[in-house]
Amino acid sequence: MHPLLKVWSLATLFSYVCAETRHTELVLSNAVVAPDGFSRRGIVVNGQTPGSLIAANKGDSLAINVRNQLSDVATNTSTSVHWHGVFQHHTNAFDGAAFVTQCPIVSGDSFLYHFNVENQSGTFWYHSHFNLQYCDGLRGPIVIKDPEDPYRFMYDIDDHSTIITLLDWYHVNAYDVAASDNPAGILVNGMGRYPGGPNTTLSVTNVEQGKRYRIRLINMACKPHIYFSIDNHNFTVIEADGKAVVPLYVDMIPIYVGQRYSFILEANQPVDNYWIRALPGSYVSNFTDGLNSAILRYAGAPEEEPKNRTWPLVNVLNETALHARDDPVVPGSPYPGGADVSINLVGTMDNVTLDFFTNGYKYTPPDTPTLLQILSGARGIAALANQGTVYTLPPNKVIEVSFPTEFLPTPHPFHLHGHAFYVVRSAGTTQYNYIDPVQRDTVNIGFSTDNVTIRFVTDNTGPWFLHCHIDWHLQRGMAVVFAENPNGTAQSDFVDDQWKDLCPVYNSSLVNP
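**Describing the packing of aromatic side chains**
Then, number 1: As enumerated under the stated definition, the model contains 20 aromatic pairs in all.
Then, number 2: On the numbers, 5.8 Å between centres and 40 degrees between planes, the contact of W83 with F115 is tilted. Taken as a pair, W83 in strand β5 (residues 81–84) and F115 in strand β6 (residues 110–116) lie far apart in primary sequence, 32 residues in all. Like W83, the residue F115 is buried in the burial classification.
Then, number 3: The interplanar angle of 85 degrees and the centroid separation of 6.0 Å between the aromatic rings of Y391 and F482 together place this pair among those described as edge-to-face. Placement of the pair is Y391 in strand β23 (residues 390–393) and F482 in strand β31 (residues 479–484), with a sequence separation of 91 residues.
Then, number 4: You can call Y391 buried: its relative accessible area is 16%.
Then, number 5: Since its relative accessible area comes to 1%, F482 is described here as buried.
Then, number 6: One aromatic cluster is present, built from ring pairs that chain together W83, F94, F111, Y113, F115 and Y126.
Then, number 7: Looking at R325, its charged tip hangs above the ring of Y151, at a distance of 5.2 Å from the centre.

**What to know about the nonpolar core**
Then, number 1: Of all hydrophobic cores here, the largest spans 57 residues; its most connected members are V237, I253 and F482.
Then, number 2: Here V237 is in contact with V245, V246, P247, L248, V250, I253, Y261, S262, F263, L317 and L322, once residues within four sequence places are set aside.
Then, number 3: Grouped together as the second largest cluster of nonpolar side chains are 36 residues, F94, C103, Y126 and F130 included.

**A short note on the sheet that holds strand β12 (residues 212–219)**
Then, number 1: The six strands are arranged β10-β9-β12-β17-β14-β15 in an open sheet whose pairing can be described as mixed. In this open sheet, the two strands that pair with only one neighbour each are β10 (185–188) and β15 (243–250). Shown here is a sheet whose adjacent strand axes are inclined to one another by a mean of 25 degrees, direction ignored.
Then, number 2: Across seven bridges, the pairing between β12 and strand β17 (residues 260–266) is antiparallel. Residue pairing across strands places I215 opposite F263, the latter belonging to β17.

**So, the sheet that holds strand β7 (residues 122–128)**
Then, number 1: Read from one edge to the other, the open sheet built from four strands follows the order β3-β8-β7-β5, with strand pairing classed as mixed. Strand pairing shows two members of the sheet lacking a second neighbour, β3 (54–57) and β5, which therefore form its edges. Recorded for the sheet is a direction-independent mean angle of 20 degrees between the axes of neighbouring strands.
Then, number 2: As paired strands, β7 and strand β8 (residues 139–145) are joined by six bridges and run antiparallel to one another. Looking at β8, one finds that G122 is bridged to I144.

Definitions and cut-offs
Residues numbered from 1 in each chain as written. Predicted model: local features only at pLDDT ≥ 70, side-chain atom pairs only at ≥ 80, totals over all residues. Heavy atoms only, no water. Phe/Tyr/Trp six-rings, centres within 6.5 Å; stacked < 30°, edge-to-face > 60°. Helix = DSSP H or I, 4+ residues; strand = E, 2+ residues; numbered from the N terminus. Buried < 20%, exposed > 50% of the residue type's maximum accessible area, 1.4 Å probe, protein only. Lys NZ or Arg CZ within 6 Å of the ring centre and 35° of its normal. Core = buried A, V, L, I, M, F, W, Y, C linked by side-chain atoms within 4.5 Å. Contact = heavy atoms within 4.5 Å. Pairing = 2+ DSSP bridges. Axes fitted to C-alpha atoms, helices over the stretch in contact; angles between N-to-C directions.

These results come straight from atomic positions and should not be treated as a statement about function.
Here it is, written out as C-alpha cells:
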C-alpha cells in the first residue's frame, strides 16, 4: 500500500455522528455583468457569477432553496439546477436535469432541493441543466470536505480562497453563439480580459511562502478544454472528480468541461507574482496582455502583474497515470466485454444540421420527464418516450460502456449523472487497466481512433443522464438516458408534493406565458 494511504482515525465515526443539515438559498436573477470589461446581460446567482460557494462536510444533508427571479426571456425564465458529481442516492428527483428527473422551475417560484452526501467528498459544482442557460452565468462551486481526509497532512490551507474556477465567456447570448465561434476569453474565478479590451483587474490567488495549499480546480466552461499551469510551480494531484487518487506530480493539467481536480500547491518560490495560465485547447489563443490569465501573489510581493518567465512544461498530466486510491479493482472480468451488460455508443454528427446522434438517434427532451414516466408506469424501453435514447439497465450489474469515435473529429467530455465510473481505457491509448484506473464522473472520449471504455455498477436506481458536456452539443442531441432499475424506482426514490407540482405549473406557463 502507498505510504500516504495509511492515515486513518477512529474519529471517522464521530464525523458521521456530527453530520448536519446545511441550508442554502440560491437566488437566480438577470443582471448586466462585465467580468472582462465588456457589458452584457447575463444570469447571476446571489448577485454574482460564478455563483456563491456551497460548502458541506461528508455525511451532511443539503437543503438548497432555489428562488427563480429570472425575467429575461433571452436566457430563459424557467430553470433547473444540477449538482454535478453528487450521486443523489435515493434522491434521483433532486438531480436537477430538466425533463430527465424534473420539469423546470418557472419564474417567480422556488424549489427546495434536499439530498445527502453521506459517502462523498471532494470538489463539485452546480449549474443550470435547462437549455443553454449555464453558459450565460448560472453556475458555481461546491466543496464537500472530509473531516478525516487521509491527505490532510499534505496541505495547510483549504478554503474559499483556494478554489479556482475556469470558464469560457462570450459577448453574446448563448443562443447566438455559432458552432465556429470562439469565446472572448477564459475567465479565472469570474475575471479576465479579451483581445483589444480594457486592462481589467485579474483574479489574484494569495499565498504565503512556505505554506501548502489544496487548490480545487473546476472547469465550468461550455466548450473548451483548458491547459492549466502556474509559472515556476509544480502540482501534486490528489483528487479527480470527487474521487481520491494516488498522489501524482505534474506541472500542467489538461482539464475538460465538467472535470475537477484537487492538487497540492507548495508556495516554495521566491516572493513575487507569478502568472496563472489557462490556455484553451479547442482553438488557437495566447496570453497576450493578460488574456486567459490570473495571478498567484506571494505575501510581500508588490501589487503588480507578473513578469513573463520561461517555464518549460515537461510533466503534463496524463489520465492513464492517475490511479484510484480506494476500491481500485475494476468490477467484472479483466478483459473487454467482461461485464454483465456491454453498450457501444457510436456518436455521429450531421454535417449540415450539426445535430448529433448516438447509435443513430438524436436525443430530444420529452414533454414528460423520464422519471415521471417511470413513476407513472413506464417500465421498459418500449414504454419510455424517446425510444433509442433511453437504455434500461438491470440492478446490481456491471455495465461497460464504450465510445468509439471514428466519426467524431474533435474531443467530447462525457458526464454520467448518479455515478462515478472506472476509466478502463482512456483517450490516446489502446491499453486497458482493470487493476487501478482512475474513477471519475466526466471523461474525455477522445476522437478519430479512440475507444474510451468505462465501467460502473448499477447500484443507484433511477434515470441518469449521460451526455456530452459541451452544452451546444447536448442541445443538439448528444445524450442518452440510462434508466436504472425502473421496476424499483418508485420504492427507491422519494418524490414530494413540490416535485409533483413542477410539471403542472410549468405546462401551464407554456399555455399562459
